[in-house]
Amino acid sequence: MSGERILIAEDEPGIVASLEFLMHRNGYETRVAPDGAQALALVGEFRPDLVILDMMLPRRSGDDVCREIRRRPEWRRTLVLMLSARGGATEIDRGLSAGADDYVTKPFSLMELLARVGAQVVHEAGQAAAEHVERHDDQRRPGGYSWLAGNPLDYQYQALIVDVAVACTVCSDWRSS
């Protein structure tokens, strides 16, 4: 079980029930916000790893909530997966331009959404681990991993670094730093 925290910001009760059940069943701790204002309040209180954010929420739109999440440094690692009934290029661009990490159109497959949530959480954990290794390696090796910059195989190298960092028991504090 994963234990990551997910905020579900959605105003349709049927979708909320399905998402909450699916996330709980897969080991995620969840909270629900029925509108944008409450979503922002819960981001501050609950400190989710990921927000499943409906684009068209009452009181404050999803793209507005996403921009606020991105604006605050203390929430910079909060992932945002945008949900919307609107799947046109303009709407998708609007959500991604607001700072969403992913965009899923309704209706959606629950299994696809679960896979995307898992991929986002794993990717973010890998990024955090790679940054931790980078910070600590700079103390031991001049230049750190700067040789990765601009390399077309960055993601493959980062994956390798992440595997090493996750397996490293000496660096077990990476997530808290």
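Residues numbered from 1 in each chain as written. Predicted model: local features only at pLDDT ≥ 70, side-chain atom pairs only at ≥ 80, totals over all residues. Heavy atoms only, no water.

Whenever I open this one, the nonpolar core confuses me. Can you help?
Nonpolar side chains in soluble globular proteins generally cluster together in the buried interior. Ranked by size, the top nonpolar core spans 20 residues in total, and within it Leu7, Ala9, Val51, Leu53, Cys66, Ile69 and Met82 carry the most contacts. If you list the elements that add at least two residues to this core, you get β1 (5-9), α2 (36-46), β3 (50-54), α3 (62-71) and β4 (79-84). Among the elements that make up this core, the one with the highest residue count is α2 (4 residues). In this view, Ala9 contacts Ala33, Ala39, Val51, Ile52, Leu53, Asp54 and Leu57; residues no more than four positions away in its chain are not counted. Counting 18 residues, the second largest nonpolar core, distinct from the first, contains Ile15, Tyr28, Phe108 and Leu114. (Core = buried A, V, L, I, M, F, W, Y, C linked by side-chain atoms within 4.5 Å. Buried < 20%, exposed > 50% of the residue type's maximum accessible area, 1.4 Å probe, protein only. Helix = DSSP H or I, 4+ residues; strand = E, 2+ residues; numbered from the N terminus. Contact = heavy atoms within 4.5 Å.)

How should the pairing of β4 be read in this particular structure?
Residues in a regular strand project their side chains so that they alternate between the two faces of the sheet. A large share of β4 lies buried, amounting to 6 of its 6 residues. Note that β3 and β4 share 5 bridges and pair parallel. The residue bridging Asp54 from the neighbouring strand is Leu83, located in β4. Each parallel crossover has a hand, and for β3 linked through α3 to β4 it is right-handed. (Pairing = 2+ DSSP bridges. Right-handed = clockwise from strand over helix to strand, strands pointing away.)

So what exactly am I meant to see when it comes to unusual backbone geometry here?
Here Lys106 and Pro107 are connected by a cis peptide whose omega angle stands at -10°. Position of Pro107 relative to the elements: it lies in the loop between β5 (102-105) and α5 (110-140).

So what exactly am I meant to see when it comes to the pairing of β1 here?
Here β1 lies mainly inside the structure; 4 of its 5 residues are buried. Across 5 bridges, β1 lies against strand β2 (residues 29-33) in parallel orientation. Bridge pairing in β2 links Ile6 to Thr30. Taking the sense of rotation as the criterion, the β-α-β connection linking β1, helix α1 (residues 13-25) and β2 turns out right-handed.

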